[in-house]
Amino acid sequence: MTIILFGASGMLGSDIEKYLTKKNISIISLDSTSCDITDKNKVLSIIAEYPKSSIVINCAAYTNVDKAETDKKQAKRINTIGAQHIAEACKLHHKTLIHFSTDYVFNGNKTDPYIESDPPSPISHYGHTKYEAEQVIQSICTKYYIIRVQWLYGKNGQHFIKSMKRLFKQHESLRIVNDQWGSPTSTASLAQYIHTFITKKPSYGVYHCRNDGYTTWYDFAVFLAQQFQYKGSITPIPSTQFPRPAKRPLNGRLNIDKITQTLQIKPIPWKEAVLRYINSAK
Ligand SMILES: NC(=O)c1ccc[n+]([C@@H]2O[C@H](COP(=O)([O-])OP(=O)(O)OC[C@H]3O[C@@H](n4cnc5c(N)ncnc54)[C@H](OP(=O)(O)O)[C@@H]3O)[C@@H](O)[C@H]2O)c1
């Protein structure tokens, strides 16, 4: 089997590439240099070049959520228009598209965890561009999986665990927001679930995917402090005391009943996944 992978140099893309290669799947790895997804002709020609591949995975995205608030055009060009180019090429060449989206398509006002059919209502420009990509893919393709993920960390990227490790060394006290909820999710875990998608071929559509259990950034930081033997203090604060250019949903919790029942998987608890990541990085 051959799979075309956009965003192979990114945090999620690199772990997907690694895992699928181990499973003897041949990967055509693309980054922004080998194929800029904002270039429609390039995307079309790359996908046409590999007639034997039946699946395209898109991990390419503009992921700087705060910068997207001012760099609006470029965020939309990559997240929405780029996704549209890939969707059009997949449609033309009869390929299945696996595309990643985010909990930031929701406004966070719901009291329960979000299910796949809840209406999105993004509160940041990044969230808008990702939601528009979902709509574009759904209007172009029939063979697609849109997989909403959140709070990712992995070997090949910048993320909360790496930031906290740095901050633990630099500061004797830290203030971390405790009113945003979600699930820290390892890209290594996601790579396994993507492999299950490819092998089990469930019904096309939107799926939520994450490690098991919910937490806040504050509780996540406290857990990391224990692992890294941080001796300083961590104070919980509301998001209002830590203003950022892009608004984040307070409730980003994603219900994963659909994926766990469809694929018959039991995601590993987030703390266990974090420990695996820390141990593998040693
Ligand atoms: N990180 C998170 O916490 C998080 C949360 C929710 C959803 N997601 C979604 O998950 C997916 C993967 O995210 P990630 O964190 O792995 O992203 P990432 O580490 O920032 O990687 C982004 C990838 O996109 C590529 N890229 C950027 N602009 C491109 C362009 N114009 N043409 C082609 N490729 C381009 C980059 O290639 P270069 O290296 O060549 O620039 C890189 O390979 C994205 O769809 C993101 O929206 C992420």
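You'll find the structure just up there.
Residues numbered from 1 in each chain as written. Predicted model: local features only at pLDDT ≥ 70, side-chain atom pairs only at ≥ 80, totals over all residues. Heavy atoms only, no water.

## Comments concerning the overall build of the protein chain
Rule in force here: Helix and strand assignments follow DSSP, with helices taken as H or I runs no shorter than four residues and strands as E runs no shorter than two, numbered in order from the N terminus. Each radius of gyration is computed over the set of C-alpha atoms, and the globule rule expresses the reference value as 2.2 Å times the number of residues to the power 0.38. The cut-offs for exposure are 20% and 50% of the maximum accessible area for each residue type, with area from a 1.4 Å probe on protein chains only; residues under the lower value are buried, those over the upper are exposed, and the others partly exposed. Contacts are assigned to residue pairs with any non-hydrogen atoms lying within 4.5 Å of each other. Accessible areas in this description were obtained via Shrake-Rupley with a 1.4 Å probe; residue shielding takes into account the shown protein chains only. The charge count includes Lys and Arg as positive and Asp and Glu as negative, but it does not include His or the ends of the chains. Charged groups are reduced to one reference atom each: NZ for lysine, CZ for arginine, CG for aspartic acid, CD for glutamic acid.
When you go through the protein chain residue by residue, the secondary structure sums to 9 helices and 12 strands. Computed over the C-alpha atoms, the radius of gyration of the protein chain is 19 Å, within 12% of the 19 Å expected from 2.2 N^0.38 for a compact globule of 282 residues. Summarising its shape, the C-alpha atoms of the protein chain cover approximately 55 × 35 × 35 Å along the three principal directions. Out of the 282 residues in the protein chain, the part that is buried amounts to 54%. Within the protein chain, contacts between residues at least 6 apart in sequence are counted, and of these 81% link residues at least 24 apart. Accessible surface, the protein chain as shown: approximately 13300 Å² in total, 50% of it carbon and sulfur. Averaged over its 36 positive side-chain charges, the protein chain has a centre that lies 4 Å from the centre of its 22 negative ones.

## Digging into helix H3 (residues 72–92)
Selection criterion: Expected helix span is computed as 1.5 Å times (number of residues minus one). Bend is computed residue by residue as the angle between axes fitted to the seven residues ending at the residue and the seven residues starting at it.
For H3, spanning 21 residues, the distance from its first C-alpha to its last is 29 Å, which sits close to the expected 30 Å at 1.5 Å a residue. The largest bend in H3 amounts to roughly 30° and is located at Ile 81. Turning to H3, its buried residues number three or more, namely Ala 75, Ile 78, Asn 79, Thr 80, Gly 82, Ala 83, His 85, Ile 86, Ala 87, Ala 89 and Cys 90. Of the surrounding secondary structure, the elements contacted by the buried residues of H3 are strand S1 (2–6), helix H2 (40–49), strand S3 (55–58), strand S4 (96–102) and helix H4 (125–140). His 94, located one to two residues past H3, shows a positive phi value of around 55°.

## Observations regarding the site of the ligand
Quick reminder of the rule: When at least one non-hydrogen atom of a residue lies within 4 Å of a molecule or strand, that residue is treated as near it. N or O atoms within 3.5 Å of each other form a polar contact, as long as, within protein, one can give a hydrogen and the other can take it, and as long as residues adjacent in sequence are counted only when both atoms are side-chain atoms.
As a structural note, the neighbourhood of the ligand is formed by 24 residues, with Ser 9, Ser 32, Thr 63, Tyr 126 and Lys 130 the closest of them. One of the backbone nitrogen or oxygen atoms of Gly 10 is found 3.0 Å away from an oxygen atom of the ligand. Measuring from an oxygen atom of the ligand, one finds a side-chain N or O atom of Thr 63 at 2.6 Å. Contributing elements (two or more residues each) for the shell around the ligand: helix H1 (11–22), S4 and H4. In terms of residues, the shell around the ligand owes the most to one element, S4, which gives 3 residues.

## Looking at the environment of Ser 173
Structurally, Ser 173 is set in strand S7 (residues 173–177). For the pair formed by Ser 173 and Ala 83, sequence separation is 90 residues and the distance between their alpha carbons is 42 Å. Aside from chain neighbours lying at most four places away, what touches Ser 173 is Tyr 230 and Ser 233.

## Observations concerning the nonpolar core
What counts, and what does not: In this description, a nonpolar core means a group of buried Ala, Val, Leu, Ile, Met, Phe, Trp, Tyr and Cys residues linked to one another through side-chain atoms lying within 4.5 Å.
By size, the foremost hydrophobic cluster in this structure holds 33 residues, and its most contacted members are Phe 6, Val 43, Ile 47, Val 56, Ile 86, Leu 97 and Ile 137. Within the residue set of this core, elements represented by two or more residues are S1, strand S2 (26–30), H2, H3, H4 and strand S5 (144–149). With 7 residues, H3 is the single largest residue contributor to this core. Non-local contacts of Val 56, meaning those with residues more than four positions away in its chain, are made with Ile 4, Phe 6, Ile 47, Ile 86, Cys 90, Lys 95, Thr 96, Leu 97 and Ile 98. Ranked by size, the runner-up nonpolar core spans 29 residues in total, among them Ile 3, Ile 98, Tyr 145 and Val 149.

## What to know about the pairing of S4
In plain terms, the rule: A pair of strands counts as paired when DSSP detects no fewer than two bridges linking them. Handedness rule for crossovers: strands pointing away from the viewer, path from the first strand over the helix to the second running clockwise, crossover right-handed.
Where burial is concerned, most of S4 is hidden: 7 out of the 7 residues are buried. Here S4 shows no split at all, with Thr 96, Ile 98, Phe 100 and Thr 102 on one side and Leu 97, His 99 and Ser 101 on the other all buried. Direction of pairing for S3 relative to S4: parallel, over a ladder of 4 bridges. Looking across to S4, one finds that Val 56 is bridged to Leu 97. Following the chain from S3 across H3 to the adjacent parallel S4, one finds a crossover that is right-handed. As paired elements, S4 and S5 share 6 bridges and run parallel to each other. Opposite Ile 98, over in S5, you have Tyr 145 as the bridge partner.

## Describing the packing of H2 against H3
The following threshold applies: The axes used here are C-alpha line fits, helices contributing only the stretch in contact, and every angle between their N-to-C directions lies in the interval 0 to 180 degrees. If you view the pair so one helix is near and one far, a crossing is left-handed when the near helix is turned anticlockwise from the far one by less than a right angle, and right-handed when it is turned clockwise. Gly is placed with the polar residues, together with every amino acid not listed as nonpolar (Ala, Val, Leu, Ile, Met, Phe, Trp, Tyr, Cys and Pro) or charged (Asp, Glu, Lys and Arg).
Relative to each other, H2 and H3 sit at 35°, their axes nearing to 9 Å. Of the two possible hands of crossing, H2 and H3 adopt the one that is right-handed. Side by side, H2 and H3 meet where Lys 40, Val 43, Leu 44 and Ile 47 of the first sit next to His 85, Ile 86, Glu 88, Ala 89, Cys 90 and Leu 92 of the second. Looking at the contact of H2 with H3, its residues break down into 7 nonpolar, 1 polar and 2 charged.

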